[in-house]
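If you want the building blocks of each chain, they are given just below.
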Amino acid sequence: MTLEGKVAVVTGASRGIGRETALELARMGADIVANSSRESEDIKSLASEIEALGRKFTYVVANVAVMEEAKKLIDTAISEMGRVDILVNNAGITKDGLLLKMTEDDFDAVIDVNLKGVFNTIKVITPILLKQRSGKIINMTSVVALMGNAGQANYCASKAGIIGLTKSAARELGSRGITVNAIAPGFINTQMTDVLPDAVKDTYKKQIPLGRFGEVSDIAKTVGFLASDAANYITGQVISVNGGLYL
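Residues numbered from 1 in each chain as written. Predicted model: local features only at pLDDT ≥ 70, side-chain atom pairs only at ≥ 80, totals over all residues. Heavy atoms only, no water.

Colleague: So what exactly am I meant to see when it comes to the environment of Val 60 here?
Modeller: As for its placement among the helices and strands, Val 60 is situated in strand S3 (residues 57-61). With relative accessibility at 4%, the residue Val 60 sits in the buried group. Sequence-wise, Val 60 and Asn 114 are 54 residues apart; in three dimensions their C-alpha atoms are separated by 18 Å. Discounting residues that sit within four places of it in the chain, Val 60 has contacts with Val 33, Ala 34, Asn 35, Ser 36, Lys 72, Leu 73 and Thr 76. (Helix = DSSP H or I, 4+ residues; strand = E, 2+ residues; numbered from the N terminus. Buried < 20%, exposed > 50% of the residue type's maximum accessible area, 1.4 Å probe, protein only. Contact = heavy atoms within 4.5 Å.)

Put into structure tokens, the structure is as follows:
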């Protein structure tokens, strides 16, 4: 599986799954356009690592929840790299709380970034991919979109919406050789899960048949597969990478 000559845009790339995904695609040969909503020191080290692999790297600060900024991201990718072949929609936020106490602002904020942000980037990139008659769109959903999770009604709703959006886009774009898929990670070792108390981690691990949390590389390698020619006949699918948490 190689991505030589390809250009990938990765949103939410400053840390965690997004960062490792950008690195994995670069290892496979792709040039990278990384995005986050704010300046980050983490991006400097990411740039160094990707450039050390001999790949081109561009960083764009943009809030994908805003259509104009999503357009800036894709326009910059085209102007800097000349083309875009792969879009990985990874940007996401959480504002957890029980439904009874969740504010409208917290619900809207999560929907705007996690779901509308995916819509915005897909809408902007679609004319480009249609003209190329090729492209790979990979959206990051979550295991909780499939099973629900107390205290995350906004997050679950946003990630479930991504599944419907993925399947609809796959039907609309498939005739032009464009695939659209989603990945549903389970519990992955990231800064987000690092803050959980050990007792909570142990409780979750008991529910996972493999008995452990996943690594960011598990998700990044799945992205790499879906972005490659090996997955040319896969579209509209939700690939669960959760250690068997939700079978």
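Colleague: I tried to follow the packing of helix H3 (residues 67-81) against helix H4 (residues 104-132) on my own but got confused; where do I start?
Modeller: Angle between the axes and distance between the axes: these two values describe a pair of packed helices. At their nearest, the axes of H3 and H4 sit 8 Å apart, and the two run at 40 degrees to each other. With respect to H4, the element H3 is oriented oblique. H3 and H4 meet at a crossing whose hand is right-handed. Contacts from Met 67, Ala 70, Lys 71, Ile 74 and Ile 78 of H3 reach H4 at Phe 119, Asn 120, Thr 121, Lys 123, Val 124, Ile 125 and Ile 128. A breakdown of the residues in the contact of H3 with H4 according to their chemical character gives eight nonpolar, two polar and two charged. (Axes fitted to C-alpha atoms, helices over the stretch in contact; angles between N-to-C directions. Parallel < 35°, antiparallel > 145°, perpendicular 65-115°, else oblique. Left-handed = near helix turned anticlockwise from the far one by under 90°. Nonpolar A, V, L, I, M, F, W, Y, C, P; charged D, E, K, R; others polar.)

Colleague: It is not clear to me how the packing of aromatic side chains should be interpreted in this structure. Could you clarify?
Modeller: What the rule picks out here adds up to two aromatic pairs. Measuring from centroid to centroid gives 5.4 Å for Phe 187 and Phe 213, while their planes differ by 20 degrees, and the two rings are stacked. Of this pair, Phe 187 sits in the loop between strand S6 (178-185) and helix H7 (191-194) while Phe 213 is found in the loop between helix H8 (198-205) and helix H9 (216-227), placing the two residues 26 residues apart along the sequence. Phe 213 sits in the buried class, given a relative accessible area of 4%. One Lys or Arg, Lys 205, reaches over the ring of Phe 213 and ends 5.4 Å from the middle of that ring. (Phe/Tyr/Trp six-rings, centres within 6.5 Å; stacked < 30°, edge-to-face > 60°. Lys NZ or Arg CZ within 6 Å of the ring centre and 35° of its normal.)

Limitation: the analysis is restricted to geometry and does not speak to function.
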